[in-house]
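# Descriptive structure summary
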Amino acid sequence: MTINKRSLITLGVLAIVTYAVYYFFTRRGITYIWHWERIPEMLFYYGGKSAEDAVPRVRMGILMMGFVLTLKISIASIFFAIIIGTVVGITRLSHEPVTRALSLGYVELIRNTPLLVQIYIIYFFVGSMLRLSAFAAGTAALSIFAGAYVGEIVRAGIQSIHKGQMEASRSLGMGYAQAMRHIILPQAFKRIIPPLAGQFISLVKDSSLVSVIALADLMFQGQQAVARTYYAFEIYFTVAFLYLVMTFTLSMATQYIERRLAISD
Amino acid sequence: MIRVRNVYKTFKTPDRKEVKALVDFSTDIKKGEVVVIIGPSGSGKSTFLRCLNRLEEIDSGEIFIDGVNIYDKKVNINEIREEIGMVFQLFNLFPHKTVLENVTLAQMVVRKRNKEEALEVSRGLLHKVGILEKENVYPAQLSGGQQQRVAIARALAMHPKIMMFDEATSALDPEMIGEVLDVMKTLAREGMTMVVVTHEMGFAREVSDRVVFMDEGQIVEEGTAEHFFSNPVHERTKLFLSQIL
């Protein structure tokens, strides 16, 4: 992906805002001695890890380890949320009243309870029954949560496709599933990329909540680092910036996909 | 080939009124026959077409295609639909697929032809409808007349026994109607069984075997195109013809 003019402008604006915040802090009488020099080692450092593994080499620092875990859980959750969302979106429009009611029930239940509560329930209750790891429980909670929203987005996308598309497919002898797969869903997905991107960006940020089940994600590691060093300002700014790197990349990637798919317009 | 017996079909409007689209409707269409259906809007002519491939469910009655009752629960309707090509007023091409993919897709997915075979059939038909040079463009880049010709090629690619046209030229600019009608006339002369809902009386006169005038869900009058031009019997027919001619 080439870095275009628009993304450069966006980055420029972000830099100005960051500097303004920094200026506000340094000139408004808060006597704080910044320790930015301690941040790089939290990302990468050169040295041994422990007595057993003392060979010096470039290793990930605490924040970078959190970054990688957040990245993993976000990618896994986005993957499962798409699958859940597609199933929910299609079943929401089913002719079968029971199927329709079940998927509506799922959507309402998930959307109307706090994610934090869901994470606790899935980790402590479902997780201990099924012996899930914290990572699996966290991924499940985030996927189930985002899946409900994605389901509604997919449903809206399917409904936005002119009914003539389904009729044309069916009149050619395609079954309902074939028409969905080849004709309706590809067009619907193209149309719902912008709201999906928003949903996935939310998911990356919401993943910070899994720190409550002691999953060592970016937020959790940030808290650990603060507890150890008391450099709360520097660390949380860095944590915020690392989240921004992920969400901004995601944002750029979806815009790129959107442009690619626009060729048939 | 098509036998329609005592079909009733009602619609419910959003304000819960019942609209009778087909009332005790019966007719027969023979193999190779070209039937033109005319009538005022809301007379049930499009509904009749859509019932022939079960895009609508009927309230009662029977429709047989090649002796098979298509409203029988045991019938696999997809197999019936393979044999009936349909062309829509608004084309309904697949906008995310190129012209060639539009024509090829159902052949591979439904007819299970391999890619080479499907491409060969597609190119032959695109040549026939005079649009082969546009095979790699997307529908949005074509004129209405070109899109409708692609839609005809897409339907023909299934090698159907019957072709249905639902006001295929009504959404076209006047200068493009001719190119679509020409394709339809060619088909008719080749002996395709055709059921055509249209207001194009010139088409009816040139190639139709029978014209059916419908109003309020029933056949009011039927006969050759000449009959309709020279001596229509019913008052409603006369009134309608005076409005469209």
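This section reports on the structure supplied with the text. (Residues numbered from 1 in each chain as written. Chains lettered and ligands numbered in written order. Predicted model: local features only at pLDDT ≥ 70, side-chain atom pairs only at ≥ 80, totals over all residues. Heavy atoms only, no water.)

## What about the interface of chain A and chain B?
Contacts between chain A and chain B engage 20 residues on the former and 26 residues on the latter. Taking both partners together, chain A and chain B bury about 2,000 Å²; carbon and sulfur atoms supply 61% of that area. The three residues of chain A that bury the most area against chain B are A:Ser171, A:Leu172 and A:Ser264, which together make up 30% of that side's buried surface. Between the two partners, chain A and chain B, sit one salt bridge. With a shortest N-O distance of 2.6 Å, A:Glu167 and B:Arg50 are connected by a salt bridge. Our count for the chain A to chain B interface comes out at six residue pairs in polar contact (both at pLDDT 80 or more). The set of elements that each furnish at least two residues to the side of chain A that touches chain B consists of α7 (163-171) and α8 (176-191) of chain A. Of all the elements, α7(A) adds the most residues to the side of chain A that touches chain B, at seven residues. In terms of residue class, the side of chain A that touches chain B is built from six nonpolar, eleven polar and three charged. (Contact = heavy atoms within 4.5 Å. Buried area = accessible area lost by both parts, 1.4 Å probe. Salt bridge = Lys/Arg side-chain N within 4 Å of Asp/Glu carboxyl O. Polar contact = N/O pair within 3.5 Å; in protein donor to acceptor, adjacent residues only side chain to side chain. Helix = DSSP H or I, 4+ residues; strand = E, 2+ residues; numbered from the N terminus. Nonpolar A, V, L, I, M, F, W, Y, C, P; charged D, E, K, R; others polar.)

## Quick notes on the packing of aromatic side chains
Taken as a whole and judged by the stated rule, the model has ten aromatic pairs over all chains. Between A:Phe79 and A:Phe80 the ring centres are 5.2 Å apart and the planes differ by 75 degrees, which places this aromatic pair in the edge-to-face class. In this structure A:Phe80 comes out as partly exposed when scored by relative accessible area, which is 40%. In textbook terms, an aromatic cluster arises when at least three aromatic residues are bridged by ring pairs, as seen for A:Trp34, A:Trp36, A:Phe233 and A:Phe237. The cationic tip of B:Arg3 hangs over the ring face of B:Phe64; the distance from NZ or CZ to the ring centre is 4.5 Å. The ring of B:Phe229 is capped by B:Arg205, whose NZ or CZ atom sits 4.1 Å from the centre of that ring. (Phe/Tyr/Trp six-rings, centres within 6.5 Å; stacked < 30°, edge-to-face > 60°. Buried < 20%, exposed > 50% of the residue type's maximum accessible area, 1.4 Å probe, protein only. Lys NZ or Arg CZ within 6 Å of the ring centre and 35° of its normal.)

## Quick look at the packing of helix α3 (residues 62-91) of chain A against helix α9 (residues 193-206) of chain A
For any two helices packed against each other, one specifies the crossing angle of their axes together with the interaxial distance. Residue and element names in this part refer to chain A. In contact at an axis separation of 10 Å, α3 and α9 are set at 140 degrees when each is read in the N-to-C sense. When the interaxial angle is binned, α3 and α9 end up oblique. Classified by chirality, the crossing of α9 by α3 is right-handed. Note on element contacts: α9 touches α3 through Phe200, Leu203 and Val204, opposite Ser74, Ser77, Ile78, Ala81 and Ile82. Tallied by class, residues from the contact of α3 with α9 come to six nonpolar, two polar and no charged. (Axes fitted to C-alpha atoms, helices over the stretch in contact; angles between N-to-C directions. Parallel < 35°, antiparallel > 145°, perpendicular 65-115°, else oblique. Left-handed = near helix turned anticlockwise from the far one by under 90°.)

## Focus: the nonpolar core
Residues B:Ile2, B:Val4, B:Ile37, B:Phe48, B:Leu52, B:Ile63 and B:Val195 are the most contacted members of the largest nonpolar core, which totals 58 residues. For this core, the element with the most residues is α8(A), which contributes six residues. Setting aside anything within four residues of it in sequence, one finds B:Ile63 in contact with B:Arg3, B:Val4, B:Val7, B:Cys51, B:Leu52, B:Val68, B:Asn69, B:Ile70 and B:Tyr71. Core analysis: the next-biggest nonpolar cluster, separate from the first, contains 48 residues, B:Val34, B:Leu93, B:Val196 and B:Phe213 among them. (Core = buried A, V, L, I, M, F, W, Y, C linked by side-chain atoms within 4.5 Å.)

## Describing the sheet that holds strand β5 (residues 68-69) of chain B
All names here are of chain B. Strand order across the open sheet formed by four strands is β2-β1-β4-β5, with antiparallel pairing between neighbours. Edge positions in the sheet fall to β2 (18-29) and β5, since each has one partner strand and no second. As paired strands, strand β4 (residues 60-65) and β5 are joined by two bridges and run antiparallel to one another. Residue pairing across strands places Phe64 opposite Asn69, the latter belonging to β5. (Pairing = 2+ DSSP bridges.)

## Let's talk about the pattern of salt bridges
Should their charged atoms come close, side chains of opposite charge can pair. One pass over the structure, following the stated rule, counts 29 salt bridges over all chains. A salt bridge links B:Arg5 to B:Asp28, with the shortest nitrogen-to-oxygen separation between them at 3.0 Å. Of the two residues, B:Arg5 is situated in strand β1 (residues 2-12) and B:Asp28 in strand β2; the sequence distance between them amounts to 23 residues. On the accessibility criterion, B:Arg5 (26% relative accessible area) is partly exposed. We note a salt bridge from B:Glu216 to B:Arg236, for which the minimum N-O separation is 3.8 Å. Separated by 20 residues along the polypeptide, B:Glu216 in the loop between β9 (210-215) and β10 (218-223) and B:Arg236 in helix α9 (residues 235-244) bring together distant segments of the chain. By relative accessible area, B:Glu216 is classed as exposed at 54%. On the basis of relative accessible area, B:Arg236 is assigned to the partly exposed category, the value being 40%. Each of A:Lys163, A:Glu167, B:Lys9, B:Arg50 and B:Glu56 takes part in a single network of salt bridges with overlapping partners.

## Some remarks on the pairing of β10(B)
Relative to β10(B), β9(B) runs antiparallel, the two sharing five bridges. Along β10(B), the bridge assignment pairs B:Val212 with B:Glu222.

## Examining the packing of helix α4 (residues 97-111) of chain A against helix α6 (residues 134-160) of chain A
Residue and element names in this part refer to chain A. Axis separation between α4 and α6 bottoms out at 9 Å; the angle between their running directions is 120 degrees. Between α4 and α6, the angle is such that the two are oblique. Between α4 and α6 the crossing geometry is left-handed. On the side of α4, the interface is formed by Tyr106, Val107, Ile110 and Arg111, while α6 contributes Ser143, Ile144, Phe145, Gly147, Ala148, Tyr149 and Glu152. Along the lines of polarity and charge, the residues of the contact of α4 with α6 split into seven nonpolar, two polar and two charged.

## So, helix α5 (residues 144-156) of chain B
Helical geometry: 3.6 residues make up each α-helical turn, so side chains three or four residues apart lie on a common side. Helix length check: α5(B), at 13 residues, gives a terminal C-alpha distance of 18 Å against a target of 18 Å (1.5 Å per residue), a fit within 8%. Counting buried residues in α5(B) gives 13 out of 13 residues, a clear majority hidden from the surface. (Expected span 1.5 Å × (residues − 1).)

## Let's talk about the environment of B:Arg50
One can find B:Arg50 in helix α1 (residues 45-52). Given the relative accessible area of 12%, B:Arg50 is considered buried. Beyond its immediate chain neighbours, meaning those up to four positions away, B:Arg50 contacts A:Glu167, B:Leu55, B:Glu56 and B:Met86.

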